[in-house]
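These are the residues of each chain, in order.
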Amino acid sequence: MSRIFSGVQPSGNLHLGNYLGAIRNFVRLQQDYECIYCAVDMHAITVWQNPDELRKNTREVAAAYIAAGVDPEKSIIFAQSSVPAHAELAWIFNCVARLGWLNRMTQFKEKAGKNRENASVGLYAYPNLMAADILVYRATHVPVGEDQKQHLELARDIAQKFNNDYHTETFPLPEPLIFGAATRVMSLRDGSKKMSKSDPSDYSRITFMDDRDSIALKLRKARTDPEPLPDNEKELEGRPEAANLVGIYAALADRTRQQVLEEFAGAPFSSFKPALTDLAVEKFGPIGEEMKRLAANPDHVDAILKKGAERAAAIANPIIREVKDVVGFLQP
Ligand code: TRP
């Protein structure tokens, strides 16, 4: 059986990059898989989160799944901290994963920066919790961006070492599902930086909360260069802003960059930007409107999260029981 697990961190400012790189794919996978989608609040607190913001952002992730088209009747949407089996399995994995493995994780190095001594222990052990998220459901496939591939490799290593150490076949080795090239969405202010929740400029990103007017305004202000669009992808090299806007157009239109360039070859940005704006407003505008409706109705979102947590626990609880038994924990 195939089962999908994926998660998004509730750390605020969900943006077009999260949509095109992740959440949009979550919607499509519902047709072919049993899907479990999580707001990973326990991952979020590996760096400081204001508690009220965390609550708001956890609901925002759930709302984003729903607004983008994840069907909560079909797929499971829930908050990580409400299913304790994640934390229980993460501890066991803390005892399976090796320091040497975690020392290689590039995301920890980036996030901890120079001040490594002051990073939380949770930030360091983050990949073990991520492995637990996936394996506590025996998920077989994990849609992730390029940046999470290394963590997924680690999850496979943990599953394999656990199975070997205990002479069992407790866990499947989860496979990554990496989606196409258009998943790297860059800042609208600087085409060399990734679109990010933490960029101080709100104009650098289009968020799930933006309405049609602000989508249009941000795209109008988006940085470009003075040249018209070329007729082939090769000539986008060295033009990061142009490449980014063409990439966004291609992703939203479900076309390749080359196809987009064939249509807009020779066009100046004064005509490409309005076309991009129309498309972005058409595709992303309704999501923003649904986000507003859901934000005004937190009880509705909470009810979905509660039901999701019950369904998730119903899958995870028998698995964590079995794991504890394998490890040798008494279970009165
Ligand atoms: N680490 C992922 C990210 O930052 C989020 C995440 C947590 C996740 N647990 C997961 C993704 C399990 C896939 C599967 O994007």
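This structure is a prediction, so every number in the text was calculated from the model and none was measured.

Cut-offs applied
Residues numbered from 1 in each chain as written. Predicted model: local features only at pLDDT ≥ 70, side-chain atom pairs only at ≥ 80, totals over all residues. Heavy atoms only, no water. Helix = DSSP H or I, 4+ residues; strand = E, 2+ residues; numbered from the N terminus. Buried < 20%, exposed > 50% of the residue type's maximum accessible area, 1.4 Å probe, protein only. Pairing = 2+ DSSP bridges. Right-handed = clockwise from strand over helix to strand, strands pointing away. Domains from an automatic or database assignment. Contact = heavy atoms within 4.5 Å. Buried area = accessible area lost by both parts, 1.4 Å probe. Salt bridge = Lys/Arg side-chain N within 4 Å of Asp/Glu carboxyl O. Polar contact = N/O pair within 3.5 Å; in protein donor to acceptor, adjacent residues only side chain to side chain. Near = heavy atom within 4 Å. Areas by Shrake-Rupley, 256 points an atom, 1.4 Å probe, with all protein chains shown as cover. 1 Å grid on protein atoms, 1.4 Å probe; cavity = no way out; pocket = protein on both sides within 12 Å on 5 of 7 lines; lining within 4 Å. Sits in = over half its atoms within 2 Å of the grid points. Nonpolar A, V, L, I, M, F, W, Y, C, P; charged D, E, K, R; others polar. Disulfide = S-S within 2.5 Å.

Asker: Would you mind showing me how to read unusual backbone geometry here?
Answerer: Backbone geometry follows two general trends: most residues other than glycine have a negative phi, and most peptide bonds adopt the trans configuration. Phi is positive for Asn-13, close to 55°, though the residue is something other than glycine. As for its position among the elements, Asn-13 is in the loop between strand 1 (3-8) and helix 1 (16-29). With a phi close to 60°, Asp-254 is a non-glycine residue in the positive phi region. Inspection of the secondary structure assignment puts Asp-254 in the loop between helix 10 (240-253) and helix 11 (257-264).

Asker: Teacher, can you tell me more about the pairing of strand 1 here?
Answerer: Regular strands have side chains that alternate between both faces of the sheet. Among the six residues in strand 1, five count as buried, and that is most of the element. For strand 1 and strand 2 (residues 34-39), the ladder comprises six bridges, and the chain directions are parallel. Bridge assignment links Arg-3 to a residue of strand 2, and that residue is Glu-34. A crossover connection joins strand 1 to the parallel strand 2 through helix 1; in handedness this β-α-β unit is right-handed.

Asker: What is the right way to read the domain arrangement of the chain from this model?
Answerer: Accessible area lost on assembly of the parts is the figure often given for the size of an interface. Domain annotation for the chain reports domain 1 (3-183 + 298-327) and domain 2 (202-293). Between domain 1 and domain 2, the C-alpha centre-to-centre distance is 30 Å. Domain 1 puts 15 residues into the contact, and the matching count from domain 2 is 14 residues. If you sort the residues of domain 1 by the area they bury against domain 2, Leu-16, Tyr-19 and Ala-67 come out on top, with a joint share of 36%. The tally of links from domain 1 across to domain 2 stands at one salt bridge. Arg-28 is the salt-bridge partner of Asp-254, the closest N and O atoms lying 2.8 Å from each other. For the pair domain 1 and domain 2, the number of links is four residue pairs in polar contact (both at pLDDT 80 or more). When contributions to the side of domain 1 that touches domain 2 are tallied by element, the ones reaching two or more residues are helix 1 and helix 3 (51-68). A per-element tally of the side of domain 1 that touches domain 2 places helix 1 first, with six residues.

Asker: What exactly am I supposed to notice about the site of the ligand here?
Answerer: In the vicinity of the ligand lie 13 residues, with Gln-9, Tyr-126, Met-130, Asp-133 and Gln-148 positioned nearest. Tyr-126 is positioned with one of its side-chain polar atoms (N or O) 2.6 Å from a nitrogen atom of the ligand. Surface burial for the ligand is 89%, taken as the share of its 370 Å² of free accessible area covered by protein chains. Assessed atom by atom at 2 Å from the grid points, the ligand resides in the largest pocket. Residues of the shell around the ligand, tallied by class, amount to seven nonpolar, five polar and one charged.

Asker: Help me understand the state of the cysteines, please; the structure alone is not making it clear to me.
Answerer: Such a bond, covalent and formed between the sulfur atoms of two cysteines, is termed a disulfide. Across all of its chains, the model carries zero disulfides by this definition. With no disulfide of its own, Cys-35 lies 13 Å from the sulfur of Cys-38, the closest cysteine sulfur.

Asker: Would you mind showing me how to read the pattern of salt bridges here?
Answerer: A side chain of one charge can pair with a side chain of the opposite charge if their charged atoms are brought near each other. By the definition in use, this model includes 22 salt bridges. Close ionic contact of Lys-149 with Glu-146 constitutes a salt bridge, the shortest N to O distance being 3.7 Å.

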